[in-house]
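Inside the fold
Chain residues, written in single-letter form:
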Amino acid sequence: MRRRATDFRRPVRRRVPDALWWALCCAVVLLFIYILTKGTQIESRPALSKRTYKNDRIMEGLNITDEMLSSDSVTRQLNDQISLAKAFVVIAKESNNLQFAWELSAQIRNSQILLSNAATRRSPLTTRESESAIHDMALLLYQAQQLHYDSATMIMRFKAKIQALEEQMNSVTEKSSKYGQIAAEEVPKSLYCLGVRLTTEWFKNLNLQKKLKDKRQVEMKIKDKNLYHFCVFSDNIIATSVVVNSTAKNSKNPNMIVFHLVTDEINYAAMKAWFAMNDFRGVTVEVQKYEDFTWLNASYVPVLKQLQDSEIQSYYFSGNSDDGKTPIKFRNPKYLSMLNHLRFYIPEVFPALKKIVFLDDDVVVQKDLSDLFSIDLNGNVNGAVETCMETFHRYHKYLNYSHPLIRAHFDPDACGWAFGMNVFDLVEWRKKNVTGIYHYWQEKNVDRTLWKLGTLPPGLLTFYGLTEPLDPSWHVLGFGYTNVDPQLIERGAVLHFNGNSKPWLKIGIEKYKPLWEKHIDYSHPLLQQCNFH
């Protein structure tokens, strides 16, 4: 057989497979590169997504801030309209225009929905989509102005309303003060009944009078300087009885206690009858009436002189001299009562005594008071508890410091003190002529320019620089007008019902009445007859 030439041995078959192989290899390499590239993109996508979301949030915040700060911002315009509309809703409700208030509220909700949708999609509001809401709200706001809901008009209306409310409040306060004062000055029927029955009993029962006269020991005790002497100036029988009874109950040596009671002509017989028919654990009781004091006359006592003045009488008793400008509490005639001013004449009332404790008739004693008589007053005349702490006042609260006399003689920040439980050194009183000091200031105040009324302001002037501060626990005040700290009540020796809400009145503070009532024997026949309960 004949062979082919060398050049003709399958040349095509060799070239074609080589090209295919090279093509396939390139395709595989490209495919591998493509797969690697895709994998890298898939792996890096979550991190990229996180960075993109964070950037979007930052851009969103920047967009919102720019939007709100922009002067032509639609979002800002809507927010301003909503704020104004909310104010008008309140005004409309106060004006009883409920329909208009409802329309405003509905439009406020529509505008808020637009703002909410814009925030959700993270894009600012456009003028086109908010045009209707802005227009509708603008119409309502214009309508509000037509109804005089604009700021200037509303300010004037509110001012007028505030003024009307203030006038109404002042009127109510004045009436409340007036009726409260009337209630405080009112004599309860039961107390009036007791006075009448005791007076009748005194003049009817000769044995009662004889019993009082036969107490010769009383004459000796009332001048004994070694005993504990107390004085009360009052026309209230039951209140005075509580003072004496509570002192006796809490005393370690009641037989060493002497009570000097001074009342008026009207209640003299009744007061004597009550203390003659009742025993107070051996306490000695002396009853006097101030009408028997011969030295108590208009030539000596400025208050009695003032009572004879027609202008003073008109001021206190008719109440027509100053068109009602002075509060009713300052026009109370009781402030001119001699029983109220006798505290400035104690050395004259008890000339034989050297030391005495003065008690108001609206106090309750719950500790032994004998230690008061051993307190060193350091040359001062008056021992009293200071009241310039907490809610109580200093001199400038009681006196008129626009008057040159007051301004020249007294420190406005001097600490005040309280009447109601006072220790008086009568020896120093007489030596320093304290009653004369009282007369001087009382005469200077004839036109009521130094102080208005009461006995505390002249007391502050009279005993200025002559008062020794006592421990606050000796005298706790406030039971007739405010709440008192329970710890102070527990520690207090003398509890004072100062204020209008006296415990024997219906307007008394109920939670404090038991402190006073426990010293009354409601089973007493006369108290039952007079309906005391």
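Residue indices begin from 1 for each chain and proceed along its sequence in written order. Per-residue local features are limited, in this predicted model, to residues with pLDDT of at least 70; the limit for side-chain atom pairs, both in listing and counting, is 80 or more; totals at the level of whole chains, interfaces and linings are taken over all residues. Only hydrogens and water are removed before side-chain values are computed, so all heavy atoms of the structure are retained for them.

Per an unreviewed UniProt entry, the chain goes by Hexosyltransferase and derives from Cicer arietinum. UniProt positions are given in the numbering used here, feature names are shortened, and annotations may be inferred rather than shown by experiment. The annotation that UniProt attaches to the chain under Sequence similarities (unreviewed entry) is "Belongs to the glycosyltransferase 8 family." Reading the Pathway (unreviewed entry) entry of the UniProt record for the chain gives the comment "Glycan metabolism; pectin biosynthesis."

Turning to the packing of aromatic side chains, a few remarks are in order. Pairing of aromatic rings covers Phe, Tyr and the six-membered ring of Trp, with a centre-to-centre limit of 6.5 Å; geometry is then stacked below 30 degrees between planes, edge-to-face above 60, and tilted otherwise. For the structure on display, the rule yields 27 aromatic pairs. Consider the rings of Phe 230 and Phe 259, whose centres lie 5.2 Å apart with planes at 20°: the pair is stacked. With Phe 230 in strand E1 (residues 228–233) and Phe 259 in strand E2 (residues 257–263), this pair connects stretches of sequence that are 29 residues apart. When its relative accessible area of 0% is taken as the criterion, Phe 259 is described as buried. A ring pair is formed by Phe 479 and Phe 497, whose centres lie 5.5 Å apart and whose planes are at 45°; its orientation type is tilted. Here a helix means four or more residues in a row that DSSP labels H or I, a strand means two or more in a row labelled E, and each is numbered from the N terminus. With a 1.4 Å probe rolled over the protein chains alone, any residue whose accessible area is under 20% of its type maximum counts as buried; one over 50% counts as exposed, and the rest are partly exposed.

Here the focus is the sheet that holds E1. Read across the open sheet, the seven strands follow the order E3-E2-E1-E4-E7-E6-E8; overall the sheet is mixed. What marks the edges here is a single partner per strand, and that holds for strand E3 (284–289) and strand E8 (467–469). Each strand of the sheet is rotated relative to its neighbour by a mean of 25°, with strand direction disregarded. Sheet analysis places E2 next to E3, joined by six bridges and oriented parallel. Bridge assignment links Val 262 to a residue of E3, and that residue is Gln 288. Here, residues are in contact when the closest pair of their heavy atoms is within 4.5 Å. A fitted line through C-alpha atoms represents every axis, and for helices the fit uses only the stretch in contact; the resulting angles, taken between N-to-C directions, go from 0 to 180 degrees. Packed on one face of the sheet, helix H9 (residues 237–249) meets E1, E2, E3 and strand E4 (355–359) and runs near 175° to E2. Sheet strands touched by helix H10 (residues 265–277): E2 and E3. Its angle to E3, the strand with the most contacts, is close to 165°. At least two bridges found by DSSP between two strands is the condition for calling them paired.

Cysteine sulfur atoms are paired as a disulfide whenever they come within 2.5 Å of each other. Enumeration according to the criterion identifies two disulfides in this entry. Between the sulfur atoms of Cys 193 and its disulfide mate Cys 530 the distance is 2.1 Å. A torsion of -70° about the S-S bond marks the disulfide between Cys 193 and Cys 530 as left-handed. Of this pair, Cys 193 sits in helix H6 (residues 189–204) while Cys 530 sits in the segment after helix H21 (525–529), and the two are 337 residues apart along the sequence.

Another aspect to go through is the pattern of salt bridges. In what follows, salt bridge is the name for a side-chain nitrogen of Lys or Arg lying within 4 Å of a carboxyl oxygen of Asp or Glu. On inspection of all chains with the given rule, the structure shows ten salt bridges. A salt bridge links Asp 292 to Lys 289; its shortest N-O distance comes to 3.0 Å. The exposure class assigned to Asp 292 is partly exposed, which follows from its relative accessible area of 45%. A network of salt bridges, in which partner residues are shared, links Glu 265, Lys 289 and Asp 292.

All right, on to the nonpolar core then. Within this scheme, the nonpolar core is defined by two criteria: the residues are buried Ala, Val, Leu, Ile, Met, Phe, Trp, Tyr or Cys, and they are joined through side-chain atoms within 4.5 Å. Counting residues in each nonpolar core, the largest one holds 61 residues, and the members touching the most others are Leu 194, Phe 259, Leu 359, Leu 372 and Phe 479. Apart from residues no more than four positions distant in its own chain, Leu 372 is found in contact with Lys 355, Val 357, Met 421, Val 423, Leu 470 and Trp 474. Counting 43 residues, the second largest nonpolar core, distinct from the first, contains Ala 298, Ala 384, Ile 406 and Leu 426.

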